[in-house]
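Residue strings, one per chain:
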Amino acid sequence: MDDKRLRLGIDLGGTKIEIVALDPRGAELLRRRIPTPHDDYRATLAALANLVRDAERELGVQGLVGIGTPGSISRATGLLRGCNSVCLNGRPLKGDLEAELGREVRITNDANCFALSEASDGAGRGAGVVFGAILGTGVGAGIVVHGRILDGPNAIAGEWGHNPLPWPRDDERPGHACFCGRSGCIETWLSGPGIERDHHLAAHARLTAHDIAARAANGDAACAATLSRYEERLARALAHVINILDPDAIVLGGGMSNVDRLYANVPKLWGAWVFSDRVDTRLLRNVHGDSSGVRGAAWLWGNP
Ligand SMILES: [Zn+2]
């Protein structure tokens, strides 16, 4: 394999940094994981460079390096912003790493990596327009159009988690306060913590999102009702996306994507709000799971 075809994808997370090396068909050649240096930008930079050098030494070739990060890079300033690993904010990670490695690297946010991974050789393979939505601790999304990340002037395409929950009922207004400073954001309803709070308020029981889903599957009526409310809200939030973007496929990631019943139930509901006589958009579960971050980062240099 020549050095222009090896792809190195790195997922820079708040607690771990993971690297994967892929051959041009997507086969995994190597994978390593290290803890993220705590609140130390210089140490994080060194850790990233060392992961790349060690992988290349082991494989005997230089690769093309892509990185997925929290937050996003301002196209105006080149600086990272909105990262929950706050030591990264305001830092020129791309420029610093390029200086360290002596070559260009490509960087985008982790939701874009998820969407690109699933559109390239995951659940959305072959779909023209893919909306990759992460329903986890937070809610975010990336958009891939014919194999390429939609990268607008503000570098925020797909960031619908801090739009308000659409078509709110009276008892959903003004909604819960969000860390972003507004109330009633989609994230406050559709994140893992969001469904846990909704269940607590309705059923006076504190359960994890995982337990709510498991108990609902075993016939617990209160948990099933919480999941039904969740599905109806997810249908509204995605109907809003369909009305604007009209994607071929919506791929779900994050912890809530493991709830099987969403894929059958939500498409039965969203037609009530989609401005069309029929909805052919497919709602799909991700294929690559936790590996989507590293795999999408690797495909920043071209997908299979
Ligand atoms: Zn918000």
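From a predicted model like this one, the values you see are computed outputs, not experimental measurements.

Trainee: Looking at this structure, I do not really get the pattern of salt bridges. What am I missing?
Mentor: In total, this model carries 26 salt bridges according to the counting rule given. Between Arg285 and Asp260 there is a salt bridge, and its shortest N-O distance comes to 2.5 Å. Placement of Arg285 in strand S12 (residues 282-285) and of Asp260 in the loop between strand S11 (249-253) and helix H8 (261-269) is noted, with a sequence separation of 25 residues between them. Classification of Arg285 by relative accessible area gives partly exposed; the value is 35%. For Asp260, a relative accessible area of 55% translates into the label exposed.

Trainee: Explain the packing of helix H1 (residues 41-59) against helix H2 (residues 93-101) to me, please; I cannot follow it from the model alone.
Mentor: When two helices pack together, their arrangement is given by the angle between their axes and by how far apart the axes lie. In contact at an axis separation of 10 Å, H1 and H2 are set at 50° when each is read in the N-to-C sense. Between H1 and H2, the interaxial angle falls into the category oblique. The two elements H1 and H2 cross, and the hand of that crossing is right-handed. Residues Tyr41, Arg42, Leu45, Leu48, Ala49, Val52 and Arg53 of H1 form the contact with H2, whose participating residues are Leu93, Asp96, Leu97, Glu100 and Leu101. For the contact of H1 with H2, the class distribution of residues is eight nonpolar, no polar and four charged.

Trainee: It is not clear to me how the coordination of the zinc ion should be interpreted in this structure. Could you clarify?
Mentor: Between any two of four tetrahedral donors, the ideal angle at the metal is 109.5 degrees; between two of six octahedral donors, it is 90 or 180 degrees. Surrounding the zinc ion are the protein donor atoms His162 (ND1), Cys178 (SG), Cys180 (SG) and Cys185 (SG), at 2.1 to 2.3 Å. Here the donor residues of the zinc ion share one chain and are spaced in sequence as H-x15-C-x1-C-x4-C. Residue Cys180 is classed as partly exposed on the basis of its relative accessible area of 30%. Residue classification places Cys185 among the buried residues on the basis of a relative accessible area of 2%.

Trainee: Can you help me understand the environment of Trp301 in this one?
Mentor: Relative to the helices and strands, Trp301 is located in the segment after helix H9 (292-298). With 293 residues separating them along the chain, Trp301 and Leu8 place their C-alpha atoms 9.4 Å apart. Setting aside anything within four residues of it in sequence, one finds Trp301 in contact with Arg7, Leu64, Val65, Gly66, Glu104, Val105 and Arg106. One polar contact links the side chain of Trp301 to the main-chain carbonyl oxygen of Val65, over a distance of 2.8 Å.

Trainee: Would you mind showing me how to read the environment of Gly181 here?
Mentor: Within the secondary structure, Gly181 sits in the loop between strand S10 (148-149) and helix H4 (186-190). Given the relative accessible area of 67%, Gly181 is considered exposed. The spacing of Gly181 and Gly255 is 74 residues in sequence and 24 Å in space, taken between C-alpha atoms.

What counts, and at which threshold
Residues numbered from 1 in each chain as written. Predicted model: local features only at pLDDT ≥ 70, side-chain atom pairs only at ≥ 80, totals over all residues. Heavy atoms only, no water. Salt bridge = Lys/Arg side-chain N within 4 Å of Asp/Glu carboxyl O. Helix = DSSP H or I, 4+ residues; strand = E, 2+ residues; numbered from the N terminus. Buried < 20%, exposed > 50% of the residue type's maximum accessible area, 1.4 Å probe, protein only. Axes fitted to C-alpha atoms, helices over the stretch in contact; angles between N-to-C directions. Parallel < 35°, antiparallel > 145°, perpendicular 65-115°, else oblique. Left-handed = near helix turned anticlockwise from the far one by under 90°. Contact = heavy atoms within 4.5 Å. Nonpolar A, V, L, I, M, F, W, Y, C, P; charged D, E, K, R; others polar. Donors = N, O, S within 2.8 Å, 3.2 Å for Na, K, Ca; no water. Polar contact = N/O pair within 3.5 Å; in protein donor to acceptor, adjacent residues only side chain to side chain.

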